[in-house]
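# Observations on chain architecture
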Amino acid sequence: MSEQRREEAAVVSNSQRTGSGWTLAASTYVFAVVMIGVTLPTPLYPRYQAEFGFGSTQTTLLFSVYAVAVIVSLIFFGRLSEAWGRKPLLTAGVLLSVVSALLFMYGSHLGLLYTGRVMSGVAAGIFTATGTVAVLENAPEGRRRLATSLATAANIGGLGLGNLMSGAVAAALPRPLFTPFLIHVILLGLAGAALLGVRESVTTRSHSLAMQLPAIPPESRVVFIRAAPGAVSSFAIAGLYSAVAPSFMHQALGIQSSAVIGAVVFALFGASAACQLLFQSLADRTLVLCGGLIQIASMGSLAAALLTDSTVLLVVSALFGGAGQGFLFATGMRAITDVTEVRNRTAVTTSYFILAYLAMSAPIVGVGVLAVLTGLVASTVTFAVLATVVSCLSLLGLGRWSSKRRGVDGQ
């Protein structure tokens, strides 16, 4: 039997095996804890700027190396879990997260921070490719919809909780650049223990090292192009709040509290997770319409917040930006996988995530560079205008999206 046939047979066999409530909870916890580590540095950026003496441009570069690491990780590790097993890849992701946390705990110079961001990016890429599948495969029979919701909550919700936890801990406890990462190391230790209870769904192993090269198969191209503007705008906005928002909250709005900074960025990711969980049964056309309009409102609120020094409008913008991401990105992913043959789904979802992470990093570097020339407020308002244009593009093909509501099972 060929290698490909053995892997296909293993997938069929795996689909017939089910997990339990414990294995579902364990896999969800591990996924969430790793994603928490991704955003731990975000509320601390103003403190790092004071500690190391760099500006917002360096902050955007720190964030961008993370996004690049995610992309590289998706390509190199996207298919390895099918050959080596889920648990070895998940274990590697947890260990990389521990290394990242330790580097930030003891980071005495900028090079250690960059290395820590790379490690967290690789871990996030591994879990983006493998974590969702692991959660689904650890669900009890008949609970796939619950597992899908939990995977979403672990992924996007974990990103939000990282901001919230880091900001609160830094504001309330001593050693603000050390303690949040110490707590994360403890949580990761518990994740390592939880991994022992996660079932391994891959029963046929191979030594394949094939990379998951991005590709857009012919049957997916029309829908992929239609979904692309929503993915670009939603992840660009998420990148802005993850990399630049702490700086303009500190510099333009005079917000000194790490807890407030973390809560504002949490609002974006929390709104994204909530919208994905609560509105997944709506028709694709409705979700895209709402998502596009909400993102336009988000960027309008952001520009107004910066021009009027309004923290309230900034929070409104974050909530709208997260809701727009929840509507647009998830709908695009769902529509793309619906029209893609099973054998091509990993390649096309990898392409979709790569597009998203490029959109998350490249424009943010531009904001940082422009900030040196025009100031942070002007560069961020420029970003808001461009993001509004891209959000409008997501509405151009509205009539070609499905108008049928999804069933209870999300199909």
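Bear in mind the structure is a predicted one, so any value in this text is a computation, not a measurement. (Residues numbered from 1 in each chain as written. Predicted model: local features only at pLDDT ≥ 70, side-chain atom pairs only at ≥ 80, totals over all residues. Heavy atoms only, no water.)

Here we come to the overall build of the protein. Secondary structure assignment for the protein yields 16 helices and 0 strands. In terms of overall dimensions, the protein is globule-like: its C-alpha atoms have a radius of gyration of 20 Å, near the 22 Å expected for 411 residues. A buried classification covers 55% of the 411 residues belonging to the protein. For the protein, the share of sequence-separated contacts (at least 6 apart) that also reach a separation of at least 24 residues comes to 86%. With the model as given, the accessible surface of the protein reaches about 16100 Å², and the carbon-plus-sulfur share is 68%. For the protein, the separation between the mean place of its 24 positive charges and that of its 14 negative charges on side chains is 3 Å. (Helix = DSSP H or I, 4+ residues; strand = E, 2+ residues; numbered from the N terminus. Rg over C-alpha atoms; globule rule 2.2 N^0.38 Å. Buried < 20%, exposed > 50% of the residue type's maximum accessible area, 1.4 Å probe, protein only. Contact = heavy atoms within 4.5 Å. Areas by Shrake-Rupley, 256 points an atom, 1.4 Å probe, with all protein chains shown as cover. Lys, Arg positive; Asp, Glu negative; His and termini not counted. Charge placed at Lys NZ, Arg CZ, Asp CG, Glu CD.)

This next bit is on the confidence of the model for the protein. In the predicted model, the protein carries a mean pLDDT of 86, and the fraction of residues at 70 or more is 91%. Looking across the protein, the model is least confident in helix α1 (residues 3–15), with a mean pLDDT of 43, and most confident in helix α9 (residues 179–195), with 96. Here residues 1–16 is a poorly scored stretch, pLDDT under 50, and it has 14 contacts once near neighbours within four places are set aside; other chains count. (pLDDT = per-residue confidence, 0-100.)

Turning our eyes to something else, we now look at unusual backbone geometry. Of note in the backbone geometry, R175 takes a positive phi value of approximately 55° without being a glycine. Mapping R175 onto the fold places it in the loop between α8 (144–172) and α9. Owing to a relative accessible area of 53%, R175 belongs among the exposed residues under this scheme. The backbone of D309 sits at a positive phi, close to 55°, despite the residue not being glycine.

What follows deals with the packing of helix α10 (residues 221–243) against helix α15 (residues 345–374). Close contact between α10 and α15 brings their axes to 7 Å; oriented N to C, the two are set at 45°. Regarding the angle of α10 to α15, the classification is oblique. Judged by the twist between their axes, the crossing of α10 over α15 is right-handed. Contacts from F224, A227, A228, A231, V232, F235, A236, A238, G239, L240 and A243 in α10 reach V348, S351, Y352, L355, A356, Y357, A359, M360, P363 and I364 in α15. Grouping the amino acids of the contact of α10 with α15 by side-chain chemistry returns 19 nonpolar, 2 polar and no charged. (Axes fitted to C-alpha atoms, helices over the stretch in contact; angles between N-to-C directions. Parallel < 35°, antiparallel > 145°, perpendicular 65-115°, else oblique. Left-handed = near helix turned anticlockwise from the far one by under 90°. Nonpolar A, V, L, I, M, F, W, Y, C, P; charged D, E, K, R; others polar.)

Turning to helix α16 (residues 376–393), a few remarks are in order. The end-to-end C-alpha distance of α16 is 26 Å, a good match for the 26 Å that 18 residues give at a rise of 1.5 Å each. Among the residues of α16, those classed as buried are L376, S379, T380, V381, F383, A384, A387 and S391. (Expected span 1.5 Å × (residues − 1).)

For the rest of this paragraph, the subject is the pattern of salt bridges. By the definition in use, this model includes 2 salt bridges. E137 is the salt-bridge partner of R86, the closest N and O atoms lying 2.9 Å from each other. Of this pair, R86 sits in helix α6 (residues 86–105) while E137 sits in helix α7 (residues 110–137), and the two are 51 residues apart along the sequence. Owing to a relative accessible area of 7%, R86 belongs among the buried residues under this scheme. Among the ionic pairs, D284 bridges to R334, the shortest N-O distance being 2.7 Å. Placement of the pair is D284 in helix α13 (residues 284–308) and R334 in helix α14 (residues 311–339), with a sequence separation of 50 residues. Classification of D284 as buried rests on a relative accessible area of 4%. Given the relative accessible area of 15%, R334 is considered buried. (Salt bridge = Lys/Arg side-chain N within 4 Å of Asp/Glu carboxyl O.)

Turning our eyes to something else, we now look at the environment of E51. As for its position among the elements, E51 is in helix α3 (residues 45–52). Exposure remark for E51: the relative accessible area of 56% places this residue in the exposed category.

Taking 1.5 Å as the rise per residue, helix α2 (residues 21–39) with 19 residues should run 27 Å; its terminal C-alpha atoms sit 28 Å apart, in good agreement. Taken across its 19 residues, α2 has 15 buried, putting it largely inside the fold.

Moving on, we get to the packing of aromatic side chains. Going through the model one piece at a time under the given rule, you end up with 13 aromatic pairs. Aromatic ring contacts, followed pair by pair, group F63, Y66, F224, F235, F329, Y352, F353 and Y357 into a single cluster. We note R175 situated over the ring of F178; from NZ or CZ to the ring centre the distance is 4.0 Å. (Phe/Tyr/Trp six-rings, centres within 6.5 Å; stacked < 30°, edge-to-face > 60°. Lys NZ or Arg CZ within 6 Å of the ring centre and 35° of its normal.)

A separate point is the environment of S27. Its location among the elements puts S27 in helix α2. Taking the C-alpha atoms as reference points, S27 and F248, separated by 221 residues in sequence, lie 36 Å from one another. Not counting residues within four places of it along the chain, the set of residues in contact with S27 comprises A134, V135, N138 and V198.

Where helix α4 (residues 56–77) contacts α15, the two axes come as close as 9 Å, and the packing angle between them is 165°. In this view, α4 runs roughly antiparallel relative to α15, as classed from their interaxial angle. With respect to the hand of their crossing, α4 and α15 are arranged in left-handed fashion. Looking at the contact of α4 with α15 residue by residue, the classes come out as 18 nonpolar, 7 polar and no charged.

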